[in-house]
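Spelled out, the chains give:
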Amino acid sequence: MATIYTSVGETVVVDLIDGVSAVHLDAANAKIGWGTGAGTAAKADTTLFTEASEARVAAVVTQPTADKNQWVATITANGAKTITNAGLFDAAAAGNLIVHGDFTGIVLALGDKIEFTISLEQT
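By convention here, each chain's residues receive numbers from 1 onward along its written sequence. In view of the model being predicted, local features appear only for residues whose pLDDT reaches at least 70, and side-chain atom pairs are presented and counted only at 80 or more, with totals across whole chains, interfaces and linings using the full set of residues. With hydrogens and water excluded, all non-hydrogen atoms of the structure serve as input to the side-chain values.

A. Structural detail: the packing of aromatic side chains. Classification of ring pairs uses Phe, Tyr and Trp, with its six-membered ring standing for Trp, and accepts pairs whose centres are within 6.5 Å; under 30 degrees between planes counts as stacked, over 60 as edge-to-face, and the remaining range as tilted. Evaluation of the coordinates by the stated rule reveals two aromatic pairs. Ring geometry for Phe 103 against Phe 116: centres 6.1 Å apart, planes inclined by 40 degrees, an arrangement best described as tilted. Of this pair, Phe 103 sits in strand E7 (residues 97–108) while Phe 116 sits in strand E8 (residues 113–121); the two residues are 13 residues apart in sequence, bridging distant segments of the chain. The structure contains a cluster of three or more aromatic residues connected by ring pairs, namely Trp 34, Phe 103 and Phe 116. Only when the NZ of Lys or the CZ of Arg is both within 6 Å of the ring centre and within 35 degrees of the ring normal is a charge said to sit over the ring. In this structure, Arg 56 is placed above the aromatic ring of Phe 89, and the distance from its NZ or CZ to the ring centre is 3.5 Å. A helix here means a DSSP run of H or I that spans at least four residues, while a strand means a run of E at least two residues long, and both kinds are numbered starting from the N terminus.

Structural data, given as structure tokens:
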């Protein structure tokens, strides 16, 4: 299992800092999605493993410490499936995968929910 700050994510954050990008990872743009495919999250990832059919959801954005940002969102299953990975994006569709995590599959039935918390700490 891995949680990765992707290469594309690093570029997005650098572009935010130097003013090249105007798309912030705030409540308006930050979205969390989940996937059903197999794999191990890697630095070069730009997509989830088989992104599931549910729409990405808006995240509640907080800054729990001076050097950490956190995004929290709950996704509801629109049918039976096994969720194996999730990620933070800067758009509701397409967009950039900022953080990607994989985990042991979680079997869901229609209406089941998972709350994801994604943190990014500048160390």
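B. Highlighting the pairing of E7. Pairing between strands requires that DSSP locate at least two bridges from one strand to the other. Judged from the three bridges that link them, strand E1 (residues 3–5) and E7 form a sheet pairing that is antiparallel. Across the sheet, Ile 4 pairs through a bridge with His 100, a residue of E7. Relative to E7, strand E6 (residues 81–89) runs antiparallel, the two being bridged by eight bridges. For Gly 87, the partnering residue across the bridge sits in E7 and is His 100.

C. Structural detail: the sheet that holds E6. Spatial strand order, E1-E7-E6-E2-E3: five strands in an open sheet with antiparallel pairing. Only two strands of the sheet have a single neighbouring strand rather than two, namely E1 and strand E3 (57–58). As paired elements, strand E2 (residues 31–35) and E3 share two bridges and run antiparallel to each other. Residue pairing in the sheet places Ile 32 in a bridge with Val 57 of E3.

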